[in-house]
Amino acid sequence: MDPFLDDPDARYLVLESATGEHSLWPSFVDVPRGWRVALSATWRPEAIAFITAKRTDRLFADEPTAVG
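Described below are features of the structure shown in this document. (Residues numbered from 1 in each chain as written. Predicted model: local features only at pLDDT ≥ 70, side-chain atom pairs only at ≥ 80, totals over all residues. Heavy atoms only, no water.)

### Some details on the pattern of salt bridges
Link 1 in the chain: Using the criterion set out here, one finds one salt bridge in the structure.
Link 2 in the chain: The salt bridge involving Glu16 is made with Arg36; its shortest N-O contact spans 2.5 Å. With Glu16 in strand E1 (residues 11-17) and Arg36 in strand E3 (residues 35-43), this pair connects stretches of sequence that are 20 residues apart.
Link 3 in the chain: For Glu16, a relative accessible area of 18% gives the class buried.
Link 4 in the chain: Judged by relative accessible area, Arg36 falls into the partly exposed class, the value being 47%. (Salt bridge = Lys/Arg side-chain N within 4 Å of Asp/Glu carboxyl O. Helix = DSSP H or I, 4+ residues; strand = E, 2+ residues; numbered from the N terminus. Buried < 20%, exposed > 50% of the residue type's maximum accessible area, 1.4 Å probe, protein only.)

Here it is as structure tokens:
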């Protein structure tokens, strides 16, 4: 068990880098330079769902659109 990320009672932030990468981050730890808060403190499942949705959005954004 990783005490940094696996505490079921902890609240997490979702951070975003300048390149659009997302990271799950414990809310009690300072946000590192170069990252911004994309989602305020919430429970782990909600934070992971947010990251998953953003990843899916990026995948579909990279797909070419049909011209018809």
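### Comments concerning the sheet that holds strand E2 (residues 22-26)
Link 1 in the chain: Read across the open sheet, the three strands follow the order E2-E1-E3; overall the sheet is antiparallel. The sheet is open, and its two borders are formed by E2 and E3, each paired with just one other strand. Here the average twist between neighbouring strands, direction ignored, is 30°.
Link 2 in the chain: Here six bridges tie E1 to E3, and the two strands are oriented antiparallel to one another. Its bridge partner lying in E3, Leu15 is registered against Val37. (Pairing = 2+ DSSP bridges. Axes fitted to C-alpha atoms, helices over the stretch in contact; angles between N-to-C directions.)

### Topic: the side chain of Thr42
Link 1 in the chain: Mapped onto the fold, Thr42 is located in strand E3.
Link 2 in the chain: The class of Thr42 is buried, set by a relative accessible area of 14%.
Link 3 in the chain: Ignoring sequence-local partners within four residues, the contact set of Thr42 consists of Ala10, Arg11, Tyr12 and Ala47. (Contact = heavy atoms within 4.5 Å.)

### Things to note about the nonpolar core
Most often, soluble globular proteins have nonpolar side chains that are buried together.
Link 1 in the chain: Counting six residues, the largest nonpolar core is built from Ala10, Tyr12, Val14, Leu24, Ala47 and Ile51.
Link 2 in the chain: Residue assignment for this core shows that the elements contributing at least two residues are E1 and helix H1 (44-61).
Link 3 in the chain: Those residues within four positions of Ile51 in sequence are excluded, and the remaining contacts are Val14, His22, Ser23 and Leu24. (Core = buried A, V, L, I, M, F, W, Y, C linked by side-chain atoms within 4.5 Å.)

### With respect to the packing of aromatic side chains
Link 1 in the chain: Taken as a whole and assessed by the stated rule, the structure comprises zero aromatic pairs.
Link 2 in the chain: Looking at Arg11, its charged tip hangs above the ring of Trp43, at a distance of 4.7 Å from the centre.
Link 3 in the chain: We note Arg44 situated over the ring of Tyr12; from NZ or CZ to the ring centre the distance is 5.9 Å. (Phe/Tyr/Trp six-rings, centres within 6.5 Å; stacked < 30°, edge-to-face > 60°. Lys NZ or Arg CZ within 6 Å of the ring centre and 35° of its normal.)

Everything listed here is a matter of coordinates, which is why it stays silent on function.
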